Amino acid sequence: MEEPNPELESFRQQWRAEVSARAQADDNRATKPSKASRRPPPITSLSSSIPLKSVKEDEGHFEPQMFPRLDGPSSPEEHTRNTSTKEPQSALDHYERAVERESQGSLGDSLNLYRKAFRMDHRVDQKYKNKHFPPSYFRSKHTNPNPSNAAATVPNPAHHSLDGHPQTIKQLIASFAGLNIEPAPPAIEGTPLPPCPLADLPEEILVHIFQEVAIIDVASFVRLAQVCKKMAYLVASDEQIWKRVCLGSEVGFGAMHYQWQREVLGRPLKEDTLGLDEDFDEIEPSLSKEAITEALLHAGYSASWHLMFRFRPRIRFNGCYISTVNYIRPGQASPNQITWNSPVHIITYYRYLRFFRDGIVISLLSTTEPADVVQYLTKELQETHRDGAAAHLPSVVMRNALRGRWRLSTAGDNPDADLKDTEGDVFVETEGASAKYIYRMKLSLRSAGRGARNNKLVWQGFWNYNLLTDDSGQFPLGNDKAFFWSRVRSYGDGA
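These numbers were taken from a predicted model, which means no experiment stands behind them.

**Student:** Explain the layout of surface pockets residue by residue, including any values.
**Tutor:** Each pocket or cavity is described by its volume, and for the largest pocket that value is around 850 Å³. Lining the largest pocket we find 31 residues, and of these Val218, Ala219, Phe309, Arg314 and Arg316 sit closest to its centre. Of all the secondary-structure elements, those providing two or more residues to the lining of the largest pocket are helix 8 (218-223), helix 9 (229-237), helix 12 (305-311) and strand 9 (483-487). At 4 residues, helix 8 tops the list of elements feeding residues into the lining of the largest pocket. Within the lining of the largest pocket, the residues separate by chemical class into 15 nonpolar, 6 polar and 10 charged.

As structure tokens, this is what we get:
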């Protein structure tokens, strides 16, 4: 028989004395009537729930203390056994079990279950989504139409369309008619307002100033609409300004030519003795340029000069039209090398067209990139480098430039079409590779990009005409691409 451990025996005695003292203190408190109703029931002897071990037990062996379960299974394994007793039957059951296994970290089991589910139904993922995440689950919350919590009668920008549908752009611009130009607020509160001379001008003087701005640069005039509501109203609705822009020769249709104005080489037109074929015969329009403009204003553009300027086809003079052509040509392997593959050549060249207000056009075909060409597309440099002269100058690329003339289509070119549809084609005639040839192009004005107008020229045909034999041939356009307009600041408003 082993001797008892004195330290263990001392601990047991000390523990018994402590429990006895606590029980006696509880009995003393129970005898006081004043606090009996507030005191919880006394703690019973711990010896009844935690039995003392015999001294004869092995001192190195201790039984773990067990507590009653309060909220379900005591281990994850037991929880899994309780929730997974039912074997999955359908594809959706396998998919749900796979999601459960994946959330528990059992990636191998989840992968096998995913495979079984998709073998049974290849659209099981959609069924799972419809079951657990229906469309109503993603429905956005109802937004408060009055986030400021102010009364509907209070003018507040937080009230959006409380009385019906939002206003159209035309209605919104019309609502700015009675407003005035407000000066800018002071930089420091309490100081006088900064001067605003435009706010004191009569509207007639203000319209005249805006008209001068539009003649110089239409883009700057349109950007005035961003300053204030009053200027936005004048820019969008003042037809007097837009009429002056449309009829003027700066950027409007006064600079458009519907008849030949020059000879092919640029000399003033005296008498056109070229033997033109039927496709390029010029038929004198029955109406003058101004009469056609007035007729189109009411027939095609709802009596709006603003709409006419935006949508009627016209040539732009403050830049040039550039066509970038890329194609691949097969090459030939070197006879001195043994190769399995044949080389290919990527060919890139550019076509340039610059139009002038006097009816002259410059055409150039070159492999030089636009950054090294556009600043030299002038009539003076084209004349300087004629016949290969002045080859030492940086503008030597202009030795291949061709001078010509241009005009827009009229009702005579499309007699069966509507008056509005007869416009939009551009006819270009330039000198050819030799003196006996001239080149003829037929292009159509189009729009490319968001908000841009008349910035694209699409090929309709390309011919050469022999002045000696009076016959023509057509060039194939398999590789040629459309021309796109590019602004060139060195041109200013155009020549």
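**Student:** Pulling in residues and values, what's your account of the side chain of threonine 422?
**Tutor:** In this fold, threonine 422 is placed in the loop between strand 4 (402-408) and strand 5 (425-431). Excluding residues within four positions of it along the chain, threonine 422 makes contact with Ser409, Thr410, Ala411, Asn414 and Ala417.

**Student:** Break down unusual backbone geometry for me, with residues and values.
**Tutor:** Residue serine 302 is not a glycine yet carries a positive backbone phi of 55°. Turning to its location among the elements, serine 302 is positioned in the loop between helix 11 (289-299) and helix 12. For serine 302, a relative accessible area of 62% translates into the label exposed. Phi is positive for aspartate 387, which is not a glycine, with a value near 60°. Locating aspartate 387 in the fold gives a position in the loop between helix 13 (379-384) and strand 4.

**Student:** Residues and numbers for the packing of aromatic side chains, please.
**Tutor:** Note on aromatic pairs: each is described by the distance of the centres and the angle between the planes. Evaluated as defined, the whole model comprises 16 aromatic pairs. Between tryptophan 459 and phenylalanine 462 the ring centres are 5.2 Å apart and the planes differ by 40°, which places this aromatic pair in the tilted class. On the basis of relative accessibility, which here comes to 6%, the residue phenylalanine 462 falls in the buried class. Arranged with centres 5.5 Å apart and planes meeting at 45°, the rings of tryptophan 459 and phenylalanine 483 form a pair that is tilted. Of this pair, tryptophan 459 sits in strand 7 (residues 456-466) while phenylalanine 483 is found in strand 9, placing the two residues 24 residues apart along the sequence. By relative accessible area, tryptophan 459 is classed as buried at 11%. A connected cluster of aromatic rings, assembled from ring pairs, spans Tyr439, Trp459, Phe462, Phe475 and Phe483.

Quick notes on the rules
Residues numbered from 1 in each chain as written. Predicted model: local features only at pLDDT ≥ 70, side-chain atom pairs only at ≥ 80, totals over all residues. Heavy atoms only, no water. 1 Å grid on protein atoms, 1.4 Å probe; cavity = no way out; pocket = protein on both sides within 12 Å on 5 of 7 lines; lining within 4 Å. Points joined across faces, edges and corners; volume = space filled by probe spheres on them. Helix = DSSP H or I, 4+ residues; strand = E, 2+ residues; numbered from the N terminus. Nonpolar A, V, L, I, M, F, W, Y, C, P; charged D, E, K, R; others polar. Contact = heavy atoms within 4.5 Å. Buried < 20%, exposed > 50% of the residue type's maximum accessible area, 1.4 Å probe, protein only. Phe/Tyr/Trp six-rings, centres within 6.5 Å; stacked < 30°, edge-to-face > 60°.

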